[in-house]
Amino acid sequence: MEEDNARIGDEFMRQIESIAAYVPYMTCPGNHEQAYNFSNYKNRFSMPGDTEGLWYSWNIGPAHIISFSTEVYFYVDYGVDLIFKQYEWLKKDLEEANRPQNRKIRPWIITMGHRPMYCSNNDEDDCTKFESFVRLGRNDTKAPAPGLEKLFYVYGVDLEIWAHEHSYERLWPVYEFKVFNGSEKYPYINPKAPVHIITGSAGCREKHDGFIPEPRNWSAYRNNDYGYTRMQIVNGTHIYMEQVSDDQSGRVIDSIWLVKDYHDASAWL
């Protein structure tokens, strides 16, 4: 967005105006917005809360949705303290969302962040490493910076949506690199760990990201067609998700029903 003295950002905003003027949308910062301390992102989008849209949450129907910045783990020149500020905010937000009266009204907790904790792409991105910064945190900071996988698990996050990789990948329910399917026949019915979806294939000039030849055991399906993901929060127990391929003229190439009779961390037991 900052390229050519922000003219690229201006043109992008003009191109999406016919949709953005009428359809509500919620944003999440990624690495392409990092220039000048995310100033283009902060000034172009107005999201809830008082964090300049870097992290915030909102409620819709039976869901509590949290948008956060994975970029605080990578652009530490802008302030390593942002890792800790965001972590404490996330913890408080999740505590509030897990109050019995709140979780009864909004049983689903869904997160969205840019860089995934897991992926089976054949690049050197953070998600390809066991010691992922987003997943486990950083130990090279003055005080060790906490990661997010355990936090999201402890507070019973149901669904984690990611991007960054220019591809689509659906994971089995996973925690600490171990698969926790609901059952062999119905892996997404009452799973015993959060479900991760990586949906970063909408397209950009960097083109696709390839995959390693053999998928990891936690990888259920992957595809690098250009496309996008649709999610329908049907009710407090059912979510439907499908991946649409633009390369195949809008054909749905993957879909799942995520079904949970129980939410919060007790669902993992």
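Above this text you will find the structure in question.
As a starting point, this report considers the structure included with it. This is a predicted model, so every value here is computed, not measured.

As enumerated under the stated definition, the model contains 18 aromatic pairs in all. Their ring planes at 45° and their centres at 5.8 Å tell us that Phe-74 and Phe-133 sit as a pair that is tilted. In this pair, Phe-74 is assigned in the loop between β2 (63–67) and α3 (81–97) and Phe-133 in helix α5 (residues 133–136), connecting sequence segments 59 residues apart. A relative accessible area of 25% means that Phe-133 is categorised as partly exposed. Residues Phe-130 and Phe-177 carry aromatic rings whose centres are separated by 4.9 Å and whose planes lie at 45° to one another, so their mutual orientation is tilted. Taken together, the residues Phe-130 in the loop between β3 (108–112) and α5 and Phe-177 in the loop between β8 (174–175) and β9 (178–179) connect sequence positions 47 residues apart. Judged by its relative accessible area of 24%, Phe-177 falls in the partly exposed class. Through a chain of ring-to-ring contacts, three or more aromatic side chains come together here, namely Tyr-118, Phe-130, Phe-177 and Trp-218. Above the face of the Phe-74 ring, Arg-115 is positioned so that its terminal group lies 3.8 Å from the ring centre. One cation-aromatic arrangement involves Arg-135 over Phe-130; the distance from NZ or CZ to the ring centre is 4.7 Å.

Take the state of the cysteines next. Counted under the stated rule, the structure contains 1 disulfide. With a sulfur-sulfur separation of 2.1 Å, Cys-119 is cross-linked through a disulfide to Cys-127. Around the S-S axis, the bridge from Cys-119 to Cys-127 shows a dihedral of about 75° and counts as right-handed. The class for Cys-127 is buried, based on a relative accessible area of 3%. No disulfide involves Cys-204; its sulfur sits 15 Å from that of Cys-127, the nearest cysteine. Its relative accessible area of 32% is what places Cys-204 among the partly exposed residues.

It is worth spelling out the pattern of salt bridges at this point. All chains considered together, the criterion is met by 13 salt bridges. Where Arg-44 meets Asp-10, a salt bridge forms, and the shortest distance between an N and an O atom there is 3.1 Å. Residue Arg-44 is found in helix α2 (residues 35–44), and its partner Asp-10 is found in helix α1 (residues 3–20); the two are separated by 34 residues along the sequence. Arg-138 is the salt-bridge partner of Asp-140, the closest N and O atoms lying 2.7 Å from each other. Salt bridges linked by common partners bring Arg-103, Asp-158 and Lys-260 together as one network.

The subject of this paragraph is α3. Between its first and last C-alpha atoms α3 spans 24 Å; for 17 residues at 1.5 Å apiece the expected length is 24 Å, and the two agree. Considering only its buried residues, α3 is in contact with β1 (56–60), β2, α4 (100–105), β3, β5 (145–146) and α6 (149–154).

Below, the discussion takes up the sheet that holds β2. Across the sheet, which stays open at both edges, the 7 strands sit in the order β1-β2-β3-β6-β10-β7-β11 with mixed pairing between neighbours. For this open sheet the edge positions go to β1 and β11 (219–223), each flanked by a neighbour on one side alone. Each adjacent strand pair in this sheet contributes to an overall mean axis angle of 15°, direction not counted. Note that strand β6 (residues 159–162) and strand β10 (residues 195–199) share 4 bridges and pair parallel. Note on β10: the bridge partner recorded for Leu-159 is Val-195. Packing against the sheet, α3 makes contact with β1, β2 and β3, and its axis sits at approximately 180° to β2.

Procedures and definitions
Residues numbered from 1 in each chain as written. Predicted model: local features only at pLDDT ≥ 70, side-chain atom pairs only at ≥ 80, totals over all residues. Heavy atoms only, no water. Phe/Tyr/Trp six-rings, centres within 6.5 Å; stacked < 30°, edge-to-face > 60°. Helix = DSSP H or I, 4+ residues; strand = E, 2+ residues; numbered from the N terminus. Buried < 20%, exposed > 50% of the residue type's maximum accessible area, 1.4 Å probe, protein only. Lys NZ or Arg CZ within 6 Å of the ring centre and 35° of its normal. Disulfide = S-S within 2.5 Å. Salt bridge = Lys/Arg side-chain N within 4 Å of Asp/Glu carboxyl O. Expected span 1.5 Å × (residues − 1). Contact = heavy atoms within 4.5 Å. Pairing = 2+ DSSP bridges. Axes fitted to C-alpha atoms, helices over the stretch in contact; angles between N-to-C directions.

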